[in-house]
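What follows is each chain in one-letter form.
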Amino acid sequence: MRITYHGHSTFVVEHDGHRVAIDPFLSGNPLAVAKPEDIEVEAILLTHAHADHVADVETIAQKNNATVVAVFELASWFGSKGLNVHPMHLGGSHVFPFGRVKYTLAFHGAGIETPDGIFYGGNPGGILLTMGDKTFYHAGDTALFGDMKLIGELNRIDVAALPIGDNFTMGPEDALIAAEWVRARKVIPIHYNTFDLIRQDPEAFVKGLAEKGIEGVALKPGETLEI
Ligand code: NI
Ligand code: MN
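1. With respect to a nonpolar patch on the surface
Item 1. A cluster of nonpolar side chains, namely Phe168, Phe195 and Leu197, defines an oily patch on the protein surface of about 300 Å² accessible area.
Item 2. In this fold, Phe168 is placed in the loop between strand 13 (159-163) and helix 5 (172-182).
Item 3. The class of Phe168 is partly exposed, set by a relative accessible area of 45%.

2. Notes on the pattern of salt bridges
Item 1. Within this structure, the stated rule accounts for eight salt bridges.
Item 2. Arg19 is paired through a salt bridge with Glu14; the nearest N and O atoms lie 3.4 Å apart.
Item 3. For Arg19, a relative accessible area of 29% gives the class partly exposed.
Item 4. Accessibility expressed as a relative area gives 23% for Glu14, which makes it partly exposed.
Item 5. Measuring nitrogen to oxygen at the nearest pair gives 3.3 Å for the salt bridge that ties Glu180 to Lys212.

3. Points about the coordination of the nickel ion (ligand 1)
Item 1. For the nickel ion (ligand 1), the protein coordination sphere consists of His48 (NE2), His50 (ND1), His108 (NE2) and Asp141 (OD), at 2.2 to 2.3 Å.
Item 2. Bound by four donor atoms, the nickel ion (ligand 1) shows angles of 87 to 175° at the metal and therefore irregular coordination geometry.
Item 3. Ordering the donors of the nickel ion (ligand 1) by residue number gives the pattern H-x1-H-x57-H-x32-D.
Item 4. Separation of the nickel ion (ligand 1) from the manganese ion (ligand 2) amounts to 3.1 Å, with Asp141 serving as a shared donor to the pair. Linking His48 in the loop between strand 4 (43-45) and helix 1 (51-54) with Asp141 in the loop between strand 12 (134-138) and helix 4 (148-154), this pair joins segments that are 93 residues apart in sequence.

4. Brief notes about helix 2 (residues 57-64)
Item 1. The complete set of buried residues in helix 2 reads Val57, Ile60 and Ala61. An end-on view of helix 2 places all buried positions within 95° of arc, on one side of the element.
Item 2. Buried residues in helix 2 make contact with strand 4, helix 1, strand 5 (67-71) and helix 3 (72-79).
Item 3. Note on helix 2: the residue one or two positions beyond its end, Asn65, has a positive phi of about 50°.

5. Regarding the sheet that holds strand 16 (residues 224-226)
Remark on secondary structure: sheet strands pair via backbone hydrogen bonds, oriented parallel or antiparallel.
Item 1. Pairing is mixed across the open sheet formed by seven strands, whose spatial order is 6-5-4-3-2-1-16. Where the open sheet ends on each side, the last strands, each with one partner, are strand 6 (84-88) and strand 16. Adjacent strand axes in the sheet meet at a mean angle of 20° when their direction is disregarded.
Item 2. Bridge count for strand 2 (residues 11-15) against strand 3 (residues 18-22) is five bridges, and the pairing is antiparallel.

6. Some words on the coordination of the manganese ion (ligand 2)
A metal bound by six donors in octahedral fashion has ideal angles of 90 or 180 degrees, whereas one bound by four tetrahedral donors has an ideal angle of 109.5 degrees.
Item 1. The protein atoms that coordinate the manganese ion (ligand 2) are Asp52 (OD), His53 (NE2), Asp141 (OD) and His191 (NE2), at distances of 2.1 to 2.2 Å.
Item 2. Read in sequence order, the donor residues coordinating the manganese ion (ligand 2) give the pattern D-H-x87-D-x49-H.

7. Re the packing of aromatic side chains
Item 1. Throughout the structure, instances matching the rule amount to six aromatic pairs.
Item 2. For the ring pair Tyr5 and Phe11, a centre distance of 5.1 Å and an interplane angle of 45° mean the geometry is tilted. Both residues of the pair, Tyr5 and Phe11, count as buried.
Item 3. An aromatic cluster is defined as three or more aromatic residues linked by ring pairs; in this entry it consists of Tyr5, Phe11 and Phe136.

Criteria and thresholds
Residues numbered from 1 in each chain as written. Chains lettered and ligands numbered in written order. Predicted model: local features only at pLDDT ≥ 70, side-chain atom pairs only at ≥ 80, totals over all residues. Heavy atoms only, no water. Patch = residues over 30% accessible without salt bridge, like charges linked within 9 Å, V, L, I, M, F, W, Y side chains within 5 Å. Areas by Shrake-Rupley, 256 points an atom, 1.4 Å probe, with all protein chains shown as cover. Salt bridge = Lys/Arg side-chain N within 4 Å of Asp/Glu carboxyl O. Helix = DSSP H or I, 4+ residues; strand = E, 2+ residues; numbered from the N terminus. Buried < 20%, exposed > 50% of the residue type's maximum accessible area, 1.4 Å probe, protein only. Donors = N, O, S within 2.8 Å, 3.2 Å for Na, K, Ca; no water. Tetrahedral: all angles 85-135°; square planar, octahedral: opposite > 155°, others 65-115°. Arc of directions from axis to C-beta. Contact = heavy atoms within 4.5 Å. Pairing = 2+ DSSP bridges. Axes fitted to C-alpha atoms, helices over the stretch in contact; angles between N-to-C directions. Phe/Tyr/Trp six-rings, centres within 6.5 Å; stacked < 30°, edge-to-face > 60°.

Laid out in structure tokens, this is it:
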């Protein structure tokens, strides 16, 4: 499994010729080095509807004829725009040609931001993505919650992407607890430094992980982790 970080909460994950994006937010992200036009994927997996997670869905989906995978309400929204969608919901899993997706809980908002106001976007989620024999847990935007222990107990997570930005999600202190609870072999900090309000030191977080015996990797936008 090759996991390329594109800043904020955006990833492209590939295995065995299959490639998917998670939460594409490149245009409008001052730290992104890739453009939406550069992203070639067969599916786009979404944790929730906020603009900093779905900004480039339409561009990438249309160019690649990619399937948008999201909770029912958000999938329906993109379906109404003519995109191919696959609706799912929390607790549900599905095996796609590229691998298995399971939606976990996340504690956050999920309103769809439109010029006419905020529309109901269902629940926010996290994503367990299994491709080949590796599992990547993308926590989405979330507070720390006790059932992360259950996620760690029930799954063998090779890499977890955990938000550390604070303000809108867990900050570094809670993310260190989350890292222990989900029992991931490697942890990638996400959702920080894109805006002033979520400024954090990812290397301090990685050091905090090391003190707990957990391997952290602070990927820079454009960098790839191969596991
Ligand atoms: Ni959000
Ligand atoms: Mn966000």
